[in-house]
Amino acid sequence: EREGPNIAGSVELPSYAQPLSDADASVIAAQLRKAPAVFGQARKNLTGKGKDLWVLGGRSISENVEELRAFAASVKEAHPDLAAAAEEAALASDQFAGWIKEQAPSRQEASGIGIADYNWYLRNVHLVPFTWEEERALLERELMRAHAALRFAEHRNRKLPKLERAGNAVEYEKRQSEAIKEFISFMESDEMMSIRPYMEPAMREQIFPFQPSEGLRGFFYEIDYRDPMPMRAHHFHWIDKAREIQDPVESPIRRVPSLYNIFDTRAEGMATAMEEMVLEAGMLRNRPRVSELVYIMLAQRCARGLGGLYQHSGQMDFEQATRFADKWVPWGLLPHDGGTIQHEEHFYLQQPAYGECYVTGKILIDQLMAEYARQREGNFQLRPFLDEFNHAGIIPVSLLHWELTGDKSVLDRVLQSQ
């Protein structure tokens, strides 16, 4: 149901129509008033000794305080009781964050789960056929490939003007809109994939507002403001989400989201794979410098994924992982103290294997495509492959490999190690 850890019963504001009705405001207020009880139980449940998780947990709850108070201010006039409930939740959150910070100095152990448990988790939960060591080798190789490819692209483009960031909202929104139209048009005209009427509107819903800034924005904004096409490719996510509603798979099991995120190699792996797919297919031929952004994005996924791996093996702590990612992301676009990597490496501590799945999922999809094409040597066509892949549903790639090719070897490798 969700990318990351999510408490049952949490308030999901985007699911409510805006402006809020009195009835919805009352429901949300009732949920927010449960915060003191939730945090009271948390004081009993939280017995772990991992230093970084305690320190980062305090920071995360403090950020919630700011969000709740901003929300309270936004609804105070229309829904004063809801605003009061949000202020009460903010106070409870603030007190809980203070308790976490008091406890943190006594928690001095590593926060990672260790290589043995990481391997068990990969195989038994995510159905991924790799070990910690194999993932490390794969991500290192992809990191160096990304850097080498970037340098060749920079050399090839050395006489072209550098990419300039969109400077205002009008320019930014125009670029975004044109890129979505170009993405959908190319996918259809180049026979990459069957296009349905719901796909373009789904992507247009995900144009984020322009953010003025003289300095660095978050990493993905720095990419998107230079050229929107790489992130439009990654936003294949929203086509996936729209398909679940508009064109669901026949299987009743696959028709609804899983209760736990075991599908990350498919969801994030495919979104990441699409970035290079459109490059290889020629979509970026009229945007030569954009290939540089594609390789920078791959390097970022590898560097942060390796940071996650090293945190769980105990070879790095959180601070070292953020600095490692900073070191290996080109153009200085991922500073170690910036919000992007700070939140991502925390997330990867909370949910092992997620940071790596962008790259390992892409590799598993490459492997699937290779076997699928080998079985059709001389008769492979991209559109039937992607259509079949898409309509099989959002499930682990090892299962997709078996379903689309009849080859069970990837899944057998998972099962034999369990």
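The structure under discussion appears in the preceding block.
**Brief notes about the overall build of the chain**
Okay, step 1: The secondary structure content of the chain amounts to 19 helices and zero strands.
Okay, step 2: Whereas a compact globule of 418 residues would reach a radius of gyration of roughly 22 Å, the chain reaches 23 Å, a difference of no more than 12%.
Okay, step 3: Considered along the principal axes of its C-alpha atoms, the chain spans approximately 65 × 50 × 50 Å.
Okay, step 4: Here the chain holds 418 residues, and the buried ones make up 49% of them.
Okay, step 5: Look at the contacts in the chain between residues 6 or more apart in sequence, and 76% of them connect residues 24 or more apart.
Okay, step 6: Accessible surface for the chain amounts to roughly 20,200 Å². Of this, 53% is attributable to carbon and sulfur atoms.

**Topic: the packing of aromatic side chains**
Okay, step 1: Going through the model one piece at a time under the given rule, you end up with 17 aromatic pairs.
Okay, step 2: Ring centres of Y372 and F380 lie 6.2 Å apart, and the angle between their planes is 85 degrees; on these two criteria the pair is classed as edge-to-face.
Okay, step 3: Through successive ring pairs, a cluster of aromatic residues spans F39, W54, F96 and W99.
Okay, step 4: The lysine or arginine in question, R304, covers the ring of Y358, its NZ or CZ lying 4.2 Å from the ring centre.
Okay, step 5: The ring of Y372 carries the charged tip of R376 above its face, separated from the ring centre by 3.6 Å.

**Description of helix α12 (residues 264-281)**
Okay, step 1: Taking 1.5 Å of rise per residue, the 18 residues of α12 would be expected to cover 26 Å, and the 24 Å separating its terminal C-alpha atoms lies within 8% of that figure.
Okay, step 2: The buried count for α12 comes to 16 of 18 residues, which makes it a mostly enclosed element.
Okay, step 3: Among the residues trailing α12, G282 stands out with phi positive, at a value near 100 degrees.

**Brief notes about the pattern of salt bridges**
Okay, step 1: Following the criterion strictly, the structure yields 27 salt bridges and no others.
Okay, step 2: Here R151 makes a salt bridge to E154, at a shortest N to O gap of 2.9 Å. With R151 and E154 both in helix α6 (residues 132-156), this residue pair falls three residues apart, about one helical turn.
Okay, step 3: On the accessibility criterion, R151 (40% relative accessible area) is partly exposed.
Okay, step 4: Members of the salt-bridge network, linked through shared partners, are E142, R145, E276, K362 and D366.

**Some thoughts on the side chain of E345**
Okay, step 1: Structurally, E345 can be placed in helix α15 (residues 339-350).
Okay, step 2: Residues within four places of E345 in sequence aside, it is in contact with A303, R304, G307, G308, Q311, F318, A321 and T322.

**Some thoughts on the packing of α12 against helix α16 (residues 354-374)**
Okay, step 1: The contact between α12 and α16 brings their axes to 7 Å, and the two run at 65 degrees. Relative to α16, the element α12 lies roughly perpendicular. In this structure, α12 crosses over α16, and the sense of that crossing is right-handed. Only Y354, C357, Y358, T360, G361, K362, L364 and I365 of α16 make contact with α12, whose side of the interface consists of D264, T265, R266, E268, G269, M270, T272, A273, E276 and M277.
Okay, step 2: When the residues that make up the contact of α12 with α16 are grouped by side-chain class, the tally is eight nonpolar, five polar and five charged.

**Considering the state of the cysteines**
Okay, step 1: Going through the model one piece at a time under the given rule, you end up with zero disulfides.
Okay, step 2: A disulfide-free cysteine, C302 has its sulfur positioned 12 Å from the sulfur of C357, the nearest such atom.
Okay, step 3: A relative accessible area of 1% places C357 in the buried class.

**Notes on the environment of P197**
Okay, step 1: If you trace the backbone, P197 turns up in the loop between α7 (169-189) and α8 (199-204).
Okay, step 2: Residue classification places P197 among the exposed positions, given a relative accessible area of 74%.
Okay, step 3: The spatial distance from the C-alpha of P197 to the C-alpha of A166 is 29 Å, given a sequence separation of 31 residues.

Here is what the cut-offs are and how they apply
Residues numbered from 1 in each chain as written. Predicted model: local features only at pLDDT ≥ 70, side-chain atom pairs only at ≥ 80, totals over all residues. Heavy atoms only, no water. Helix = DSSP H or I, 4+ residues; strand = E, 2+ residues; numbered from the N terminus. Rg over C-alpha atoms; globule rule 2.2 N^0.38 Å. Buried < 20%, exposed > 50% of the residue type's maximum accessible area, 1.4 Å probe, protein only. Contact = heavy atoms within 4.5 Å. Areas by Shrake-Rupley, 256 points an atom, 1.4 Å probe, with all protein chains shown as cover. Phe/Tyr/Trp six-rings, centres within 6.5 Å; stacked < 30°, edge-to-face > 60°. Lys NZ or Arg CZ within 6 Å of the ring centre and 35° of its normal. Expected span 1.5 Å × (residues − 1). Salt bridge = Lys/Arg side-chain N within 4 Å of Asp/Glu carboxyl O. Axes fitted to C-alpha atoms, helices over the stretch in contact; angles between N-to-C directions. Parallel < 35°, antiparallel > 145°, perpendicular 65-115°, else oblique. Left-handed = near helix turned anticlockwise from the far one by under 90°. Nonpolar A, V, L, I, M, F, W, Y, C, P; charged D, E, K, R; others polar. Disulfide = S-S within 2.5 Å.

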